[in-house]
Amino acid sequence: MHHHHTIIEQFSLQAVPFAELPGHSDSIQRLIEFSQVSTADTVLDLACGPGLVACAFAEHTAHVTGIDLTPKMIAQAEKCQRENHVTNVSWKIGNVLSLPFSDSSFSCVITRYSFHHFLDPRAVLAEMVRVCKPCGTVMVVDAVLPSEKIEAYNHMETLRDPSHTKALSFNEMATMIEKSGLRKMRTARYTVAMELEQQLAASFPNPGDEETLRHLFASDIGHDRMGLSTHRIHGAIHFSYPILMTVGEKGD
């Protein structure tokens, strides 16, 4: 429960700035295309945050349900829905470890940028598979790194966002998907470019940790220990989150 409180605390603060960071909205079309959804699909967006993904998917599907633990994120999602005049979306506040849906409720179950917050991502994936219809699609999108970069990356992200638990390596993600029983696995990668100060302005690290983070990024230039391709542009520090899209099909 303590971790749930940390997530709610962090994302209550991050609800508005998260929604406004361009890096979080620019890549959504990639998700829509890779998921291969159609107008017949009913979609569940797990840990939906401010509703950016759900509202975008709604334009291409029959209906989207977004669920998130943080009430302020759902409030931001409802705002996104109103501003975009989306009618085929509904929202729920709830715990992803015990989804309030029957077995085989959705033809597509997705989550973006959430698995690194879960203490037990395998249990969350099992819930995603449970509520997915036979032959339906399950898609996990998150930062995934080579094994040798994980420790440094996780150290940095825990400082930046105390609700971070652990990013998965490529091997860990592949093994987890395989053990879930999903089949016909497909993967693709993209990066989300960030400017450090802009990202810090949208984050809420513990007091004193901002300077530590600036030092970590500055010292990583030319070394790439964190796997973020950190570099400077006109004096400002820039980096890119490495994102993996993983899609599997539930058996019939």
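Just so we're clear, the structure is a prediction, and the values are computed from it rather than from any experiment.

### Details of the overall build of the chain
Helix and strand counts for the chain come out as 10 helices and 9 strands. Across the chain, the fraction of contacts at a sequence separation of at least 24, relative to all contacts at a separation of at least 6, is 74%. Of the roughly 11300 Å² that the chain leaves accessible, carbon and sulfur atoms contribute 53%.

### Concerning the pattern of salt bridges
Considering all chains together, one arrives at 12 salt bridges under this definition. Arg160 serves as the salt-bridge partner of Glu157, at 2.6 Å between the closest nitrogen and oxygen. Here Arg160 and Glu157 lie together in helix H7 (residues 147-160), a separation of 3 residues that amounts to about one turn. Side by side, Glu157 and Arg160 carry an identical accessibility label, which is buried. For the salt bridge of Arg214 with Glu197, the shortest nitrogen-to-oxygen distance reads 2.7 Å. Placement of the pair is Arg214 in helix H10 (residues 209-220) and Glu197 in helix H9 (residues 196-201), with a sequence separation of 17 residues. Judged by its relative accessible area of 23%, Arg214 is partly exposed. Shared partners join several salt bridges into a network, and the residues in it are Glu197, Glu210, Glu211 and Arg214.

### What to know about the environment of Met245
Along the polypeptide, Met245 turns up in strand S9 (residues 236-249). Classification of Met245 as buried rests on a relative accessible area of 4%. Met245 sits 59 residues away from Arg186 along the chain, and the two C-alpha atoms are 8.1 Å apart. When neighbours within four sequence positions are excluded, Met245 is seen to be in contact with Arg30, Leu31, Phe34, Val140, Val141, Arg186, Thr187, Ala188 and Tyr190.

### Re the packing of helix H6 (residues 121-131) against helix H8 (residues 170-179)
One can describe the packing of H6 onto H8 by two numbers: an axis separation of 10 Å at closest approach and a directional angle of 40°. The orientation of H6 relative to H8 falls into the category oblique. You can see that H6 and H8 cross each other, and the crossing is right-handed. Contact residues: Pro121, Arg122 and Leu125 in H6; Glu172, Met176 and Ile177 in H8. Classifying every residue of the contact of H6 with H8 gives 4 nonpolar, no polar and 2 charged.

### Quick look at the packing of aromatic side chains
Considering all chains together, one arrives at 5 aromatic pairs under this definition. Ring centres of Tyr153 and Tyr241 lie 6.4 Å apart, and the angle between their planes is 85°; on these two criteria the pair is classed as edge-to-face. Residue Tyr153 is located in helix H7, and its partner Tyr241 is located in strand S9; the two are separated by 88 residues in the primary sequence. Of the two residues, Tyr153 and Tyr241, neither departs from the other in class, the shared state being buried.

### So, the layout of surface pockets
Empty space within the second largest pocket amounts to approximately 160 Å³. The wall of the second largest pocket is formed by 14 residues, among which Ser35, Gln36, Thr137, Arg186 and Glu249 lie closest to the centre. Of all the secondary structure elements, the ones that give two or more residues to the lining of the second largest pocket are strand S4 (106-112), strand S5 (132-145), strand S7 (183-195) and S9. Counted by class, the lining of the second largest pocket contains 4 nonpolar, 5 polar and 5 charged residues.

The rules behind the values
Residues numbered from 1 in each chain as written. Predicted model: local features only at pLDDT ≥ 70, side-chain atom pairs only at ≥ 80, totals over all residues. Heavy atoms only, no water. Helix = DSSP H or I, 4+ residues; strand = E, 2+ residues; numbered from the N terminus. Contact = heavy atoms within 4.5 Å. Areas by Shrake-Rupley, 256 points an atom, 1.4 Å probe, with all protein chains shown as cover. Salt bridge = Lys/Arg side-chain N within 4 Å of Asp/Glu carboxyl O. Buried < 20%, exposed > 50% of the residue type's maximum accessible area, 1.4 Å probe, protein only. Axes fitted to C-alpha atoms, helices over the stretch in contact; angles between N-to-C directions. Parallel < 35°, antiparallel > 145°, perpendicular 65-115°, else oblique. Left-handed = near helix turned anticlockwise from the far one by under 90°. Nonpolar A, V, L, I, M, F, W, Y, C, P; charged D, E, K, R; others polar. Phe/Tyr/Trp six-rings, centres within 6.5 Å; stacked < 30°, edge-to-face > 60°. 1 Å grid on protein atoms, 1.4 Å probe; cavity = no way out; pocket = protein on both sides within 12 Å on 5 of 7 lines; lining within 4 Å. Points joined across faces, edges and corners; volume = space filled by probe spheres on them.

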